[in-house]
Amino acid sequence: MNKGPSPKGSELRSVRIRTALLDHFDRTARDLPWRRDRTPYKVLVSEMMLQQTRVETVIPYYHEWLLRFPDLEALGAAPLDEVLRAWQGLGYYSRARNLHRAAREVNERYGGQLPSTRRELRTLPGVGEYTAGAVASIAFGLAEPAVDGNVRRVLSRLDDIEKPRQAGLLQRAGELLDPDRPGDSNEALMELGATVCRPRNPLCDVCPVAEHCRALSAGTVGLRPLRKARKPVPAVTVDVAVIFDGNDRALVAKRPDRGLLAGLWEFPERESLDSPVGALEEEGALESVFHAFTHLHATYRPAVLRLREAALSPPVVRGRPEVRWLSLTRTGEIALPAAQQRIAAAALDWLRRR
Ligand code: SF4
């Protein structure tokens, strides 16, 4: 690893990096909708959506969201079901639930105005170190660093650090902040990581800070930061029942308010069904649907069943007290996670071709 320059030289290097980053950002920053109007609410929404989701995916959701929930008051007043429905397709639904809870808290505790300090922002549901720093700097112009995965990679390479620590990264990102433009400084670092200093095949030839990059001069770019070996992801197979009544409506059940996909709807698992013998008749099987969660790979095997007319009531779904019959042409009425939407589409197709 290279030895750093003297303290004074190190300060000068930071200023040069910061200036080069901002110049590059001013020339090349992508024109993204949340950069056009940086109100605190819009910055918060975009930051929550961008955690774990790509920019291109987020853009249409961001526009739609602001039409439905133009401010914290509207978001806090909306029922959770509606919020989850608006989030449908973005994945990682805990972000939507947290945003909703955060809106309610801000409305109650701060009269609908998002607090500006990092410390207060951190107390809101779903707002971690990164999001607090991003909102404080971008929306409120405070000199707060924000270290996401992109920034971590850029800083590790710039300073040639194998295993960066969070505290050290925060301090380093702070040193690179322009006190007059802290939000832009943070975004410039993130933007560099997203577009130039990419995880694989970084574009060092066109990088505005290449002359300051220690990993580049040491030939260690591909090794920075050191990647953790990934644990194998467990796989499960879930047998799912698409149960139709006599009017071709399907039975859906609401998941509990906690845990994976909390509060969303699904077709019940076969093993959770409690129904009298002979109440259900098997009519066919649909193609399996695969879904990769971060921590779990699930394969859903849907079967089509019919509630016999003689049966007095729908089957009980253990652990799911809230169930309803739903026409599969109206799935927009409920929040259905991605894999369940694919099952619904296949079941609708099956009904039409029957
Ligand atoms: S020179 Fe290459 S490795 Fe260094 S910061 Fe730029 S893109 Fe990243």
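Residues numbered from 1 in each chain as written. Predicted model: local features only at pLDDT ≥ 70, side-chain atom pairs only at ≥ 80, totals over all residues. Heavy atoms only, no water.

Enquirer: So what's going on with the packing of helix 6 (residues 80-87) against helix 7 (residues 94-109)? Which residues, and what values?
Expert: Direction vectors running N to C along helix 6 and helix 7 enclose 135 degrees, while the axes themselves pass 9 Å from each other. Classified by the angle their axes make, helix 6 and helix 7 are oblique. Here helix 6 runs over helix 7; the crossing is right-handed. In this structure, helix 6 uses Leu80, Val83, Leu84 and Trp87 to contact helix 7, whose residues at the interface are Arg95, Ala96, Arg97, Leu99 and His100. Of the residues belonging to the contact of helix 6 with helix 7, the class tally is 6 nonpolar, 1 polar and 2 charged. (Axes fitted to C-alpha atoms, helices over the stretch in contact; angles between N-to-C directions. Helix = DSSP H or I, 4+ residues; strand = E, 2+ residues; numbered from the N terminus. Parallel < 35°, antiparallel > 145°, perpendicular 65-115°, else oblique. Left-handed = near helix turned anticlockwise from the far one by under 90°. Contact = heavy atoms within 4.5 Å. Nonpolar A, V, L, I, M, F, W, Y, C, P; charged D, E, K, R; others polar.)

Enquirer: Could you give me a rundown of helix 11 (residues 166-175), with the residues and numbers involved?
Expert: Residues Leu169, Arg172 and Ala173 constitute the buried set of helix 11. Each buried residue of helix 11 sits inside an arc of 100 degrees when the element is viewed along its axis, so together they form one side. Facing away from the buried side of helix 11 by over 90 degrees, the exposed positions are Ala167 and Gln171. (Buried < 20%, exposed > 50% of the residue type's maximum accessible area, 1.4 Å probe, protein only. Arc of directions from axis to C-beta.)

Enquirer: Report on the environment of arginine 101, specifying residues and quantitative values.
Expert: Tracing the sequence through the fold places arginine 101 in helix 7. Exposure remark for arginine 101: the relative accessible area of 47% places this residue in the partly exposed category. A sequence separation of 122 residues divides arginine 101 from leucine 223, and the C-alpha atoms of the two residues are 40 Å apart. Polar contacts involving the side chain of arginine 101 include one to the side chain of asparagine 98, which spans 3.2 Å. (Polar contact = N/O pair within 3.5 Å; in protein donor to acceptor, adjacent residues only side chain to side chain.)

Enquirer: Explain the pattern of salt bridges to me, and be specific about the residues and the numbers.
Expert: All chains considered together, the criterion is met by 32 salt bridges. With a closest N to O distance of 3.0 Å, glutamate 56 and arginine 54 form a salt bridge. Linking glutamate 144 and arginine 118 is a salt bridge whose minimum nitrogen-to-oxygen distance equals 3.0 Å. Residue glutamate 144 is found in the loop between helix 9 (129-138) and helix 10 (149-158), and its partner arginine 118 is found in helix 8 (residues 118-122); the two are separated by 26 residues along the sequence. The class of arginine 118 is buried, set by a relative accessible area of 12%. One salt-bridge network, held together by shared partners, links Asp26, Arg30, Arg35, Arg38, Arg181, Asp184, Glu187 and Glu191. (Salt bridge = Lys/Arg side-chain N within 4 Å of Asp/Glu carboxyl O.)

Enquirer: Outline the layout of surface pockets, supporting the account with residue identities and numerical values.
Expert: Volume-wise, the largest pocket comes out at about 1600 Å³. Gln52, Asp148, Gly149, Asn150 and Arg153 are, among the 44 residues lining the largest pocket, the residues nearest its centre. Where the lining of the largest pocket is concerned, the elements lending two or more residues are helix 2 (33-36), helix 3 (40-50), helix 4 (55-68), helix 9, helix 10 and helix 12 (182-195). Per-element tally for the lining of the largest pocket: the top contributor is helix 12, with 6 residues. Among the residues forming the lining of the largest pocket, the class breakdown is 14 nonpolar, 11 polar and 19 charged. Empty space within the second largest pocket amounts to approximately 420 Å³. The wall of the second largest pocket is formed by 20 residues, among which Gly91, Tyr92, His291, Ala292 and Phe293 lie closest to the centre. Sorting the residues of the lining of the second largest pocket by element identifies helix 7, strand 6 (289-292) and helix 14 (338-353) as the ones contributing at least two each. (1 Å grid on protein atoms, 1.4 Å probe; cavity = no way out; pocket = protein on both sides within 12 Å on 5 of 7 lines; lining within 4 Å. Points joined across faces, edges and corners; volume = space filled by probe spheres on them.)

Structural measurements only, silent on function.
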